[in-house]
Amino acid sequence: QIAIPNNIRLKCVSWNKDQGFIACGGEEGLLKVLKLEMQTDDAKLKGLAAPSNLSMNQTLEGHSGAVQVVTWNEQYQKLTTSDQNGLIIVWMLYKGSWYEEMINNRNKSVVRSMSWNADGQKICIVYEDGAVIVGSVDGNRIWGKELKGIQLAHVAWSPDSKILLFGMANGEIHMYDNLGNFIVKMIMNCLVNVTGAISIAGIHWYPGTEGYVEPDCPCLAICFDNGRCQIMRYENDENPVLIDTGMNVVSIQWNRCGSVLAVAGSQRAVSQDKDVNVVQFYTPFGEHLRTLKVPGKQMTAVSWEGAGLRIGLAVDSFIYFANIRPDYKWGYCSNTVVYAYTRPDRLEYCVVFWDTKNNEKYVKYVKFLMSITTCGDFCILATKADDSHPQFHYKTIHESPFLPQYVLVLCNSIGTPLDSKYIDIDPLFVTMTKTHVIAASKEAFYTWQYRVAKKLTAMEINQVARTRKEGRERVYHIDETPSGSTEGTLDFTKAITATRDPICCITATDKTLIVGRESGTIQRYSLPNVGLVQKYVLNYRAYQLSLNCNSSRLAIIDITGVLTFFDIEVRISEGSGQPNVGDPLKFERKDVWDMKWANDNPHLFAMMEKTRMYVFRNLDPEEPIQTSGYICNFEDLEIKSVLLDEILKDPEHPNKDYLINFEIRSLRDSRALIEKVGIEDASQFIEDNPHPRLWRLLAEAALQKLDLKTAEQAFVRCKDYQGIEFVKRLGNLQSESMKQAEVAAYFGRFEEAERMYLDMDRRDLAISLRIKLGDWFRVLQLLKSGSGDADDTLLEQAYNAIGDYFADRQKWVNAVQYYLQGRNQERLAECYYMLEDYEGLERLANSLPENHKLLPDIGQMFATVGMCDQTVSAYLKCNQPKAAVDTCVHLNQWNKAVELAKNHNMKEIGSLLSKYASHLLEKNKILEAIELYRKAHHFLDAAKLMFKIADEEAKKRTKPLRVKKLYVLAALLVENYHGQMKTTQGKNKGKKSEATSALDGLLEEDATSTDNRVIDNAWRGAEAYHFFLLAQRQLYEGYVDAAMRTALHLRDYEDIIPAVEIYSLLAICSSANRAFGSCSKAFIKLESLDSLSAEQRQLYEDLALEIFTKYSPKDNRKSELDSIPEGYVE
């Protein structure tokens, strides 16, 4: 506490969240700015445990009347204050002191409330007489307004600065926009059935600067002096959270991240006839967290520190400071601290799994996280089910009418989800043992016997999750009395049944489950088959329960922080000889906020009281240790504690300094005895206070001094078989220095041990030590440094191990160098492949002997990147022609495939080819099919397809040049086929003369050919279109005579080009050439064609009439008539 001089009563207090200044105003113009600084000389003392002193204590002169309102502008480091005379002063910080910057006095009325908006740009000042002024941070007035006939008392900005809330003296709240226009009167749901005069105790709208506890979280708190309070999600929320605090409220404030609301005031004490000052703490959802009793007469104001770890209270002429121990969402499992925090930029919780051993962290984002519970190597995250992922298999398992509301996710210590369960009860309280998870709502509890899949694949885990095995999960109502013999059922409808006496806390060990209820009743069940064993009645309400390691004693912390104990196991009390069950021990400590039993001793526990940690043995305390850490673990006489407050100031970068180990007294004493007095006395002391950890300490000390007898005895006492074996091995060694070296290695002083070995000229031992450690770089150094030849196999092993080291870290280039020296061809191939060094890979393949087991793998590597030749050579080298052919087929290299198949007498390539071709044809990819046949040297099939395409193109009558090209290609394919037949014949009958073999080839062709037109008249199509195009070109270039001659040749190709086209062209050419006789014959032919319709024929006749009425149908030139053979027109 800080006392104000001259007993001047305080009216208001405000704590600057960013810079930590505390402003307090009081009567007689008192205004002080204080600052508490932590002294951090001692590295061990961090956080709240560090002593604090006043680094600033400045009295600001300027006010004459009582200072009634103080408010900070954190963004611009300004302090705004006003007194009962209506004088407003704005103070600014200059060179470490506060000075007046601006003064304003309206003289008419008194300022009731001032509020800066979230970004510190604007201030709104309200006067009692209804005047409102909005000004900017630089002192300019933005607007002012007189609200007639209204007494103002409070003002608050919305987070987006668009709305102003004005609280009236009569308890009404009106909403205005940021230009001063009235919007609507707010509905006060919390004042239903309230009569009499009321006034507003406080309005605080949390602006969301540090993120929200969960999406759509209530953030606007309004509280009245009669204790009624409502917390709204937004300004016109019709369904706010309602609280009746049952006290006279004077002041309220949110903490910095909007997760806790402090409500300060006084409460009638039932026992005495006077008011007691209290601060109640609530969550945004109206759940009551804790009650803090405060001494003094009249409390006037409350204000949070920026970090949310302390709270300042103005009481009479004092400022009291209370430390807040937040109930963080955190846990500790197998060297991993798990903690959760919110970020302004994300809706989800950020859950960090910080492995303190390797200082690595794994982050998960979890929506609607409710709690974190840990045990052993696992942790349970309890969350609300997300509506966007309906559980599809849920309905089949539960015949319940509604979707599951909550999820329990079982994770390992790096945050990998192993299993999850959807449940319909609100997991307000969760505890876990090595085998069970127990989650309780207020009415019922659910047990789940989880199993951890050591070797299950994700697939199998899903299967396990789908089939809910009977008996693994059960639900019990708190008012039931299960016997433990019958199987429980998984029936979540039990949770709907209400109870008069709700659950308020639970805890469990492997064999006992304890459930605490609000009336003070404690129910004890047996595990794993849940049976109600006993009920105990306490006269207070438990807040936190904890069982010791053999479940004989229960520790209870109640809602006010009092720690008491309770014996569960039967004890025979002296004197009466009667068994005495549930004896509340005569032990009590106040202000306890955390406690932890030792994992290995039922009489040892550690507890946190204010900023001190006490260790108790049999309820006798050792001297306290100053710390504000949360206890993670207590075993082996050592307490691990974590400074969560410090970690959560910068949760992204947890620091190992924030993890503290405390040794308890017996361990410290034994160590001191061994160091100062000697092993004999120490062993006597340990004999009197036995603990495995102390015996181990003794064994290690005896080993250091090579006192093998004592060491062996001590190892036997702490049941360390390896230690006993080690001592025996030492006993068999002759030289003293060898023993020392072995001991050094045993204690992990490897450099020292290695030096000793080398001094004894035992390089082999130094090397084997380094091999055991896996330090291959040092092995290589040692192997190279020695004189004489190094062991070749060892050298290769070292090179390969270093290669592995680099390969594991994806440093392939370095790995290659070592694998080359270590001649490790398999890993080399892998490295070349990763580096995409295919030349190196090819060199490697060529250097390998035939049938080497690596060759198929290398072939596969080449195949994946489409390098066909290399693949084939690799497969052939290891005698796998089938694989080679398959690869060629896969890479579309059919010619190579067919060639390989022929060389290796493989029959199936033909069928494969036709299968693939028919597949392409089905998809109408004819050109691909042609290419396929061509590559596979099936020229005839290709040619047939080519002719088909050419014929189809010709039918379209669009581009004759393209058609000609297609016919040429088809003909060329046929030529290839001829050539192929000749060469195969030549190979078969090399001895015969060429003429006979060519003849045989042709005969064979004839025998095989089914389609003579394709083979014999291969060029006909090409010729036809050649003449067709030539005639037209000659005509257009004016060589009409030549054009006519060419057109005459076309008459032989009516099977390819339609007769209409041919004779029309001939008619044009001959008429242009004045050879009207030919022209007339062409017309006669045209008119006699069957393919023409009557109209078309009529048109031709008309045209003929028109021409031949002008010119007689005779050829002018003789030459043409000679050239026209007889029998032209049949």
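Everything quoted here is computed from the prediction, not taken from an experiment.

(A) Broad picture of the overall build of the chain. For the chain, the helix and strand inventory stands at 32 helices and 57 strands. Long-range pairs, those at least 24 residues apart, make up 46% of the contacts in the chain with a sequence separation of at least 6. As presented, the chain carries roughly 55,300 Å² of accessible surface, and 49% of it is formed by carbon and sulfur atoms.

(B) Representation of the packing of helix α27 (residues 1020-1037) against helix α29 (residues 1059-1072) within the structure. Close contact between α27 and α29 brings their axes to 11 Å; oriented N to C, the two are set at 25 degrees. Relative to α29, the element α27 is oriented roughly parallel. Seen along the crossing, α27 lies across α29 with a hand that is left-handed. Contact residues: α27 offers F1028, A1031, Q1032 and L1035, while α29 offers E1061, L1065, I1068, C1069 and A1072.

(C) Quick look at the pairing of strand β51 (residues 604-609). Counted residue by residue, β51 has six buried out of six residues, so it is predominantly covered. Here β51 shows no split at all, with L604, A606 and M608 on one side and F605, M607 and E609 on the other all buried. Examined bridge by bridge, strand β50 (residues 592-597) and β51 share five bridges and lie antiparallel to one another. Its bridge partner lying in β51, M595 is registered against M607. Pairing between β51 and strand β52 (residues 612-617): six bridges, direction antiparallel. Residue F605 lies in a different strand from β52, and its bridge partner there is F616.

(D) Structural view of the sheet that holds strand β15 (residues 163-168). With antiparallel pairing, four strands are arranged side by side in an open sheet as β14-β15-β16-β17. Of all strands in the sheet, those with a lone pairing partner are β14 (152-157) and β17 (182-185), marking the two edges. Each strand of the sheet is rotated relative to its neighbour by a mean of 25 degrees, with strand direction disregarded. Strand direction decides the pairing type here: β14 and β15, joined by five bridges, are antiparallel. When the bridges of β15 are listed, H154 appears paired with G167.

(E) How the structure looks around the nonpolar core. Grouped together as the largest cluster of nonpolar side chains are 58 residues, with contacts concentrated most on W330, Y339, I639 and V642. With eight residues, the single largest contributor to this core is helix α6 (residues 692-704). For Y339, the contacting residues outside a window of four places in its chain are K329, W330, C350, V351, V352, W354, I372, L644, I647, L648, P651 and P654. Counting residues in hydrophobic clusters, the runner-up holds 56 residues, among them A744, L828, Y838 and M861.

(F) Summary view of the side chain of D316. If you trace the backbone, D316 turns up in the loop between β27 (310-315) and β28 (318-323). Among the polar contacts listed, one links the side chain of D316 to the backbone nitrogen of K297, at a separation of 2.8 Å.

(G) Highlighting the sheet that holds strand β22 (residues 248-254). With antiparallel pairing, four strands are arranged side by side in an open sheet as β22-β23-β24-β25. Since the sheet does not close on itself, it has two edges, and those belong to β22 and β25 (288-294), each with one partner. Here the average twist between neighbouring strands, direction ignored, is 20 degrees. Strand direction decides the pairing type here: strand β23 (residues 261-268) and strand β24 (residues 275-282), joined by eight bridges, are antiparallel. Residue pairing for β24: S266 is matched across the bridge by N277.

(H) Region of interest: helix α8 (residues 721-732). Compared with the 16 Å implied by 1.5 Å per residue over twelve residues, the 17 Å span of α8 between its first and last C-alpha is a close match. Of the surrounding elements, those touching the buried residues of α8 are α6, α7 (708-717) and α9 (736-746). Of the residues that open α8, the one with a side-chain oxygen 3.3 Å from the backbone nitrogen of Q722 is D720.

(I) Highlighting helix α13 (residues 792-808). A rise of 1.5 Å per residue sets the reference length of α13, with its 17 residues, at 24 Å; its end C-alpha atoms lie 24 Å apart and thus fit the reference within 8%. Along α13, the residues classified as buried are L794, L795, A798, Y799, N800, A801, I802, G803, F806 and A807. Here the buried face of α13 lies against α11 (763-773), α12 (776-785), α14 (812-821) and α15 (825-835). Just past α13, the residue Q810 takes up positive phi, approximately 65 degrees.

(J) Here's a closer look at the packing of aromatic side chains. A complete count under the given rule lists 32 aromatic pairs for this structure. For the ring pair F21 and W72, a centre distance of 6.0 Å and an interplane angle of 25 degrees mean the geometry is stacked. Of this pair, F21 sits in strand β3 (residues 21-26) while W72 is found in strand β6 (residues 67-73), placing the two residues 51 residues apart along the sequence. In terms of burial, F21 and W72 fall into one category: buried. Centre to centre, the rings of F445 and Y525 are 5.1 Å apart; their planes meet at 65 degrees, and the pair counts as edge-to-face. On the criterion of sequence distance, the pair formed by F445 in strand β39 (residues 444-449) and Y525 in strand β43 (residues 521-526) is long-range, its members being 80 residues apart. You can call Y525 buried: its relative accessible area is 1%.

(K) Broad picture of the packing of helix α5 (residues 679-688) against α6. Two numbers describe how α5 lies on α6: the axes approach to 10 Å, and their chain directions differ by 165 degrees. The orientation of α5 relative to α6 falls into the category roughly antiparallel. Our pair here, α5 against α6, has a crossing hand that is left-handed. When α5 is examined against α6, the residues I679, A682, S683, I686 and E687 are found in contact with a partner set consisting of L694, W695, L698, A701 and A702.

(L) Quick peek at a nonpolar patch on the surface. A cluster of nonpolar residues, L969, L972 and W1019, forms a patch on the protein surface that exposes about 260 Å² of accessible area. Here W1019 lies in the loop between α26 (1012-1016) and α27. The partly exposed category is assigned to W1019, whose relative accessible area is 32%.

(M) Expanded view of the environment of V352. For V352, the location among the structural elements is in strand β31 (residues 349-355). For V352 and P654, which are 302 residues apart along the polypeptide, the C-alpha to C-alpha distance reads 9.6 Å. Each residue touching V352, except ones within four places of it in the same chain, is listed here: V337, V338, Y339, Y341, K361, Y362, V363 and P651.

(N) Seen up close, the pattern of salt bridges. Tallied over the entire structure, the rule returns 25 salt bridges. Salt-bridge contacts for E128 lead to R112; the nearest nitrogen and oxygen are separated by 3.0 Å. In this pair, E128 sits in the loop between β11 (122-127) and β12 (131-136) while R112 sits in strand β10 (residues 111-116), placing the two residues 16 residues apart along the sequence. Judged by its relative accessible area of 34%, R112 falls in the partly exposed class. A cluster of three or more residues bridged by salt bridges with shared partners is formed by D479, D501 and R517.

(O) Molecular detail of the state of the cysteines. What the rule picks out here adds up to zero disulfides. With no disulfide of its own, C219 has C217 as its nearest cysteine by sulfur position, at a separation of 6.9 Å.

(P) Region of interest: the environment of L1065. For L1065, the position within the fold is in helix α29. Overall, L1065 belongs to the buried group, its relative accessible area being 7%. When residues no more than four places from it in sequence are discounted, the contact partners of L1065 are F1028, A1031, Q1032 and L1050.

(Q) Spotlight on the confidence of the model for the chain. Across the chain, pLDDT averages 79, with 86% of residues at or above 70. Per-element confidence in the chain is highest for strand β37 (residues 429-432), whose mean pLDDT is 92, and lowest for helix α1 (residues 394-397), whose mean pLDDT is 39. Taken together, the stretch residues 463-468 has pLDDT below 50 and engages in 13 contacts with residues farther than four places along the chain or on a different chain. Within the model, the stretch residues 572-580 combines pLDDT values under 50 with eleven contacts to residues more than four positions away or in other chains.

(R) A look at the environment of E952. Relative to the helices and strands, E952 is located in helix α23 (residues 939-956). We classify E952 as partly exposed; its relative accessible area is 41%. A C-alpha to C-alpha distance of 9.0 Å links E952 and V963, two positions eleven residues apart in sequence.

(S) Main features of the side chain of K739. Structurally, K739 is set in helix α9. Given the relative accessible area of 15%, K739 is considered buried.

(T) A look at unusual backbone geometry. Although it is not a glycine, D316 adopts a positive phi angle of roughly 50 degrees. Residue D316 is classed as buried on the basis of its relative accessible area of 14%. A positive phi angle, close to 55 degrees, is found at F368, a residue other than glycine. With respect to the helices and strands, F368 occurs in the loop between β32 (360-366) and β33 (369-375).

Definitions and limits used
In this convention, every chain numbers its residues from 1, walking through the sequence in written order. It should be noted that, the model being predicted, local features are given only for residues of pLDDT at least 70 and side-chain atom pairs only at 80 or more, the latter also being counted only at that level, while totals for whole chains, interfaces and linings use all residues. Values shown for side chains rest on all heavy atoms present in the structure; no hydrogens or waters enter the calculation. Comment: elements are numbered from the N terminus, with helices defined as DSSP H or I runs of at least four residues and strands as E runs of at least two. By definition, residues are in contact when any of their heavy atoms lie within 4.5 Å. Only the protein chains shown count as covering a residue, and every accessible area follows the Shrake-Rupley method with a 1.4 Å probe. Lines are fitted to the C-alpha atoms to define the axes, a helix being fitted only along its stretch in contact, and any angle between axes, read from their N-to-C directions, falls within 0 to 180 degrees. Under this scheme an angle from 65 to 115 degrees is roughly perpendicular, one under 35 degrees roughly parallel, and one over 145 degrees roughly antiparallel; angles in between are oblique. Note: crossing handedness is left-handed where the near helix turns anticlockwise from the far helix by less than a right angle, and right-handed where it turns clockwise. Exposed residues in this analysis have more than 50% of their type's maximum accessible area, buried residues have under 20%, and partly exposed residues fall in between, with area computed by a 1.4 Å probe over protein chains only. A pair of strands is labelled paired if DSSP reports no fewer than 2 bridges between them. Joining through side-chain atoms within 4.5 Å is the link that ties buried Ala, Val, Leu, Ile, Met, Phe, Trp, Tyr and Cys residues into a set, and such a set is a nonpolar core. The term polar contact refers here to a pair of N or O atoms within 3.5 Å; inside protein, the definition further demands a hydrogen-donor-capable atom paired with an acceptor-capable atom, and it admits residues adjacent in sequence only when both atoms are side-chain atoms. A helix is expected to reach a length of 1.5 Å times the quantity of its residues less one. Here the aromatic set is Phe, Tyr and Trp, taking the six-membered ring for Trp, and pairing holds for ring centres within 6.5 Å; pairs whose planes are under 30 degrees apart are stacked, those over 60 apart are edge-to-face, and all others are tilted. Here, patches come from residues exposed beyond 30% relative accessible area and free of salt bridges, joined within 9 Å for like charges and within 5 Å for nonpolar side chains (Val, Leu, Ile, Met, Phe, Trp, Tyr). We count a salt bridge whenever a side-chain nitrogen from Lys or Arg sits within 4 Å of a carboxyl oxygen from Asp or Glu. For the purposes of this analysis, a disulfide is any pair of cysteine sulfur atoms at a distance within 2.5 Å. As a per-residue measure, pLDDT reflects the predictor's confidence and takes values from 0 up to 100.

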